[in-house]
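Structure assessment
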Amino acid sequence: MGKSDRNCLAAVSDAVAGSLEKFFYRYGKSVATHPKKYIAACFLITAFCCLGFFNFYAENRPEKLWIPQDSDYVNTLNWQAVNFPNNQRVELTLYEADNVLTARYIQEMYRQQKAVHDITVTDKYNRSLTQDNLCFRVPALGGEMHQELRNVKAQLFPDRDLDSELDWSIAFDKGIYYQFYEKMPTACLELSILDIWGKNQTIIYSLTDEDVINGINTANISAMYSYPINFKKFLGDIKKNTTGHVVGARSSLAQIVMEINRTEIDLVKLANDAGLAEEVDMALYDWEGEFIRVLRNDSGRPEGLGVFLQAQRSFGEISGETILGDVAFLVVGMILLFVYVQLMLGKFNMVENRPVLSVLGLMSIFMAVGISFGLCSAFGIPYGPVHSILPLLMLGLGVDDMFVIVQCWHNLNQEERRLDLHKRMGCALRHAGVAITVTSLTDFAAFAIGSSTVLPALRSFCIYSALGIVALFMLQATFFVAWFTLDQTRLEDNRNGLLWCYKHKNWTPNKCSQYDLCQMFFDKIYPKYLLMTPVKMVVLLMTVGVFATSIWGVTNLRQEFNPVWFIPQSSYLFQFLYRAQEYYPDAGERGTVYLGALNYSQELPKIGELVTAMRENKYISGVDSWYELMIDYTKSDTGEDINGKSMNETFFSAALSAFLYSPVGSRFQTYFNFDGNLTIAQPAPPVTASKFDYRHTSLDGPGVQIPAMDQVKELVKAANFSDFAAPIAVMYSSYETDKIITVELLRNLSLAMVAVFLMTLVLLANIMSSIYVLICVVLTLVDVMALMTWWDLTIDIVTCINLVLCIGLCVDYSAHIALHFQQVKGTRDERVRLTIRDMGPPVINGSFSTFLSFILLAYSDSHVFESFFKIFFGAFVFGVFHGLMFLPVLLSLVGPAPYDTDLHAIPENEDNGGFSNSSTVHSKNIEIDGRMYSQVPQTLSVSYE
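Parameters at a glance
- Residues numbered from 1 in each chain as written.
- Predicted model: local features only at pLDDT ≥ 70, side-chain atom pairs only at ≥ 80, totals over all residues.
- Heavy atoms only, no water.
- Helix = DSSP H or I, 4+ residues; strand = E, 2+ residues; numbered from the N terminus.
- Buried < 20%, exposed > 50% of the residue type's maximum accessible area, 1.4 Å probe, protein only.
- Contact = heavy atoms within 4.5 Å.
- Areas by Shrake-Rupley, 256 points an atom, 1.4 Å probe, with all protein chains shown as cover.
- Salt bridge = Lys/Arg side-chain N within 4 Å of Asp/Glu carboxyl O.
- Patch = residues over 30% accessible without salt bridge, like charges linked within 9 Å, V, L, I, M, F, W, Y side chains within 5 Å.
- Core = buried A, V, L, I, M, F, W, Y, C linked by side-chain atoms within 4.5 Å.
- Pairing = 2+ DSSP bridges.
- Disulfide = S-S within 2.5 Å.
- pLDDT = per-residue confidence, 0-100.
- Axes fitted to C-alpha atoms, helices over the stretch in contact; angles between N-to-C directions.
- Parallel < 35°, antiparallel > 145°, perpendicular 65-115°, else oblique.
- Left-handed = near helix turned anticlockwise from the far one by under 90°.
- Phe/Tyr/Trp six-rings, centres within 6.5 Å; stacked < 30°, edge-to-face > 60°.
- Expected span 1.5 Å × (residues − 1).
- Arc of directions from axis to C-beta.
- Nonpolar A, V, L, I, M, F, W, Y, C, P; charged D, E, K, R; others polar.

Across its full length, the chain carries 30 helices and 18 strands. Looking at the 945 residues of the chain, the share that counts as buried comes to 56%. Partitioning the contacts of the chain with sequence separation of at least 6, the portion at a separation of at least 24 is 77%. Of the roughly 39,900 Å² of accessible surface on the chain, 58% is carried by carbon and sulfur atoms.

Here you go:
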């Protein structure tokens, strides 16, 4: 740099740092003069902000958390909520054994199904309700009714096979059929292999193993509902003999469909890690709780049979257990932090230890969390699943600020130590205030930039974090300093560190309590070996080798997001989902195409063309189209071939009504919305909305999932319908996130690093040093992202948040080293030695305190906390390596020149509001109360009158 450029940067740095130092001196002096007033004010402000909790709202809907609000998925979901609100909830049970196709296990399945049938709950009207009252019911022509129909069939059609299919709406006169239809019995919709035997207790308890195998291989009609069904689709890991017959299976899946009472709906807000919530009436919600309890009870279960389940309320059920476990981690982590803070803030004697101050310092951190949550709640910003890491984050940052303030207190020189207490506190905060301002602004900038993202969960988290960091900064500079003043008053009066009212007479500190082993290590041992030429070469080679390996690792980093990952792996729900994926891997994602108020009689050919195009798509395994079935039925019923043809409205309305009341078409009644009521034997009212289902092939990874989703969207769009038309699937929410998450991550990281570079440039007033700091940040991020690959993490919302946060943390490790290197004089090696001696202890102390705050998360089952631990472990290891090893070696070889003395000098006789003039001084050790401390030189070094 030229001298003019350096003078320009220094002028900016001096203006900022000088103003901050003056402000913090006066502010620290004011706080120390009136500590109790400031403490009371902090409590009042915190309490006022916490009033916002009355408006607290935990957002759990995935479409409101993980994807942009202007996306196709959200728009389609909003349309679907109005036109086709969800009325069903599916409860699943998976049975696992070496071979589930044995009589003993089939009988146990029936016993459990019967126990579920016997569940009774009470609604708000004090009525007792069972599964029969709450389930989704369908026509049931099995049992005695099925035999009666077989007898009628034998009389009317003596030449036909009794087991062949027969459409009764065509075989009978329509008037007779409709009378029969209105009296048709119904039953709860339950799908499982038990339906082979009609769920008949007598038959099931008399089964042999051979009967079970024969039933699986021969049955193709539901004994309960009397419609064709492939029972093998309920089996997983099927074993067959040489003739192709089933002889065993590892699992069997059972499904119960329940119906939501929409007139009694209560939105159950489940604050869960999965981020999923459902609309449900409370009677059904309570029934699901009993369903979970009954099936998790393994008493009387045959040996070798595993039972795994998923209820619609399982996500909420699991979240409560997860929260309790995470609270335990938080409590134990606080205890560890308290011990560590106590060891580092005080000394090992009865007066100079600071247990009360340690507790109050930790209290200020949770007050900051309360302020952040309260203010965000007051302004309607929702709380999401990833927000649970905020208290741990604040613990790490807050303890670091506490150490900085106390370290600056210890670094006061002899002249400053002779001042009154309130002036001494002002001197300490003059140095510490600038340091914590820089780190807080860096973190704030990173999160402020993150809040501009289009991902709602990330945006909300960044706003919560940004406000929390501001609150933490203010409380550390006020609340903690005020209590520090009171604690120091106690200490100087020789009062006990725990019992402030007890005064020790004739007290002198023991010699052992005055040693600082950390300072001795960084003063006498570490720099001596680090600055050896062979060690320098080893450090540089390690850095290059690790970076090269990490580049390869980053190229293998996947982008993938799945809300299921938020479920703890030890939970019963995760165990179910893991086995369902293992035993039914070819069960592709199911989707639905929604159609609005089309001119259906004229646009039916477009629907047919769309169905054909979807069937030909390589990513779609099947389409369940009512239109194709309606073509076949209408041709059989009226003789009219409507395939690919437009129709007049009158014929279409009559044909659609007849189809929807036929055996083959009745299940599609819920696939339509009408402008009026659909009535038997009457033409259908105008259709206002319809839908049909499709199923993807098994899609593995975003490289396949995103093209599959986009191609379905393009097919629907190309059909050119006259009204709303869009496809949707549950996992499209994740695919939408995968589609943009990498771009959002790169955008946030790039903007955050630009902000960090500009802030360090102003602070360091040296482009070369700022570049070195930026290099350390980039190296750390690359290494951490490579560690994600090797630790089975992907790019998702949680890791995106953590990587943005890493920038604010790892820059601290290198910025302090680079700044101090420029402030001391001598050869490069001498300056590195002084820098390590003076800045090594606070850097390692701050980084280790952050590490200690999340160390217990290694045992968490939560994806949020597990990801947080893995990424921050990498940030701690690589950040400390680059800050305390690589950067000092780099500076010893190609470090910039130190600041010129006159560059930072304050002109003589300038009115500085109580400041006297002096220039930058070299770092030196000073002795205070028999203990050696490192005096950290500042860009502006001043004394006070």
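Turning our eyes to something else, we now look at the pattern of salt bridges. Following the criterion strictly, the structure yields 25 salt bridges and no others. Across the salt bridge formed by Asp493 and Lys503, the nearest N and O atoms sit 3.2 Å from each other. Linking Asp493 in the loop between helix 18 (456-492) and helix 19 (517-530) with Lys503 in the loop between helix 18 and helix 19, this pair joins segments that are ten residues apart in sequence. Overall, Asp493 belongs to the partly exposed group, its relative accessible area being 26%. Salt-bridge contacts for Arg615 lead to Glu628; the nearest nitrogen and oxygen are separated by 2.5 Å. Here the residue Arg615 occupies a position in helix 22 (residues 600-616), and Glu628 occupies one in helix 23 (residues 626-638), the gap between them amounting to 13 residues. Residue Arg615 is classed as partly exposed on the basis of its relative accessible area of 38%.

A contiguous nonpolar surface patch, about 550 Å² in accessible area, is contributed by Val331, Ile335, Val339, Leu343, Met344 and Phe348. In this structure Met344 comes out as partly exposed when scored by relative accessible area, which is 35%.

Bringing the nonpolar core into the picture now. Counting 201 residues, the largest nonpolar core has Ile607, Trp626 and Phe692 as the members making the most contacts within it. The element best represented in this core is helix 18, accounting for 18 residues.

Right, let's get into the environment of Phe652. Looking at where Phe652 falls in the secondary structure, it is placed in helix 24 (residues 649-660). Classification of Phe652 as buried rests on a relative accessible area of 2%. C-alpha separation for the pair Phe652 and Ser601, spaced 51 residues apart in sequence, amounts to 5.9 Å. When sequence neighbours within four positions are dropped, the list of residues in contact with Phe652 reads Tyr600, Ser601, Leu604, Met630, Met647 and Val687.

Turning next to the pairing of strand 12 (residues 590-595). Most of strand 12 sits inside the fold, with five of its six residues counted as buried. Bridge count between strand 12 and strand 16 (residues 725-729): five bridges; the pairing is antiparallel. Within strand 16, the position partnered with Thr592 by the bridge is Ile728.

Phi angles above zero are rare outside glycine, and Asn126 is one such case at about 65 degrees. Relative to the elements of secondary structure, Asn126 occurs in the loop between strand 2 (121-122) and strand 3 (128-129). If you check the backbone angles, Asn720 has positive phi at about 60 degrees while not being a glycine. Along the chain, Asn720 turns up in the loop between helix 25 (702-718) and strand 16.

As a further point, take the state of the cysteines. In this structure the tally under the stated criterion is one disulfide. Two residues, Cys135 and Cys188, share a disulfide whose sulfurs are 1.9 Å apart. Where Cys135 bonds to Cys188 through sulfur, the torsion about that S-S bond is close to -75 degrees, and the disulfide is left-handed. In this pair, Cys135 sits in the loop between helix 6 (131-134) and strand 4 (137-139) while Cys188 sits in strand 5 (residues 186-188), placing the two residues 53 residues apart along the sequence. As far as the burial class goes, Cys135 and Cys188 line up, both buried. For Cys50, which is in no disulfide, the shortest distance to another cysteine sulfur is to Cys49 and amounts to 7.0 Å. Among the residues examined, Cys50 registers a relative accessible area of 27% and is labelled partly exposed.

Looking now at the confidence of the model for the chain. Chain-level pLDDT for the chain is 83 on average; 87% of the residues reach the 70-or-more range. No element of the chain has a lower mean pLDDT than strand 18 (residues 931-935), which averages 40, and none a higher one than helix 2 (residues 35-50), which averages 96. Considering only residues more than four positions removed or in separate chains, one finds that residues 266-277, a stretch of pLDDT under 50, has 46 contacts. Within the model, the stretch residues 901-945 combines pLDDT values under 50 with 125 contacts to residues more than four positions away or in other chains.

Two numbers describe how helix 22 lies on helix 25: the axes approach to 9 Å, and their chain directions differ by 155 degrees. Compared by their axis directions, helix 22 and helix 25 come out roughly antiparallel. Pair helix 22 / helix 25 crosses with right-handed handedness. From helix 22, Leu610, Ala613 and Met614 reach across to helix 25, where they touch Val712, Leu715 and Val716.

Right, let's talk about the packing of aromatic side chains for a bit. According to the stated counting rule, one finds 40 aromatic pairs in the structure shown. Ring centres of Phe23 and Tyr27 lie 5.7 Å apart, and the angle between their planes is 15 degrees; on these two criteria the pair is classed as stacked. Residue Phe23 and its partner Tyr27 are located together in helix 1 (residues 3-33), separated by four residues, close to a single helical turn. Aromatic side chains Trp287 and Phe291 sit 5.5 Å apart centroid to centroid with 20 degrees between the ring planes, which places their arrangement in the stacked category.

This next bit is on the side chain of Thr780. Following the sequence through the fold, Thr780 ends up in helix 27 (residues 767-790). When residues no more than four places from it in sequence are discounted, the contact partners of Thr780 are Cys810, Ala875, Phe878, Gly879 and His882.

Here the focus is the environment of Phe291. With respect to the helices and strands, the residue Phe291 is situated in helix 12 (residues 282-296). A residue is classified by how much of its surface remains accessible, and Phe291, at 1% relative accessible area, is buried. Other than its neighbours up to four places away in sequence, Phe291 contacts Glu91, Leu92, Thr93, Val116, Ile119, Ile256, Leu309, Gln310 and Ala311.

On to helix 25, then. Because each turn of an α-helix spans 3.6 residues, side chains separated by three or four positions in sequence point in the same direction. The end-to-end C-alpha distance of helix 25 is 24 Å, a good match for the 24 Å that 17 residues give at a rise of 1.5 Å each. Listed as buried for helix 25 are Pro702, Gln705, Ile706, Ala708, Met709, Val712, Lys713 and Val716. Projected onto a plane normal to the axis of helix 25, the buried residues spread over an arc of 160 degrees and lie on a single side. Opposite its buried face, helix 25 presents the exposed residues Gly703 and Ala718, each directed more than 90 degrees away.

The interhelical angle for the contact between helix 2 and helix 18, taken along N-to-C directions, is 140 degrees, at an axis separation of 9 Å. Regarding the angle of helix 2 to helix 18, the classification is oblique. The crossing of helix 2 and helix 18 is left-handed. Here helix 2 contributes Pro35, Tyr38, Ile39, Cys42 and Phe43 to the contact with helix 18, which in turn contributes Leu475, Thr478, Phe479, Ala482, Trp483 and Leu486. Split into classes, the residues belonging to the contact of helix 2 with helix 18 amount to ten nonpolar, one polar and no charged.

Below, the discussion takes up helix 5 (residues 103-117). Relative to the 21 Å expected for 15 residues at 1.5 Å per residue, helix 5 spans 21 Å between its end C-alpha atoms, a close match to the ideal helical length. Taken together, the buried positions of helix 5 are occupied by Ala103, Tyr105, Ile106, Gln107, Glu108, Met109, Tyr110, Gln112, Gln113 and Val116.

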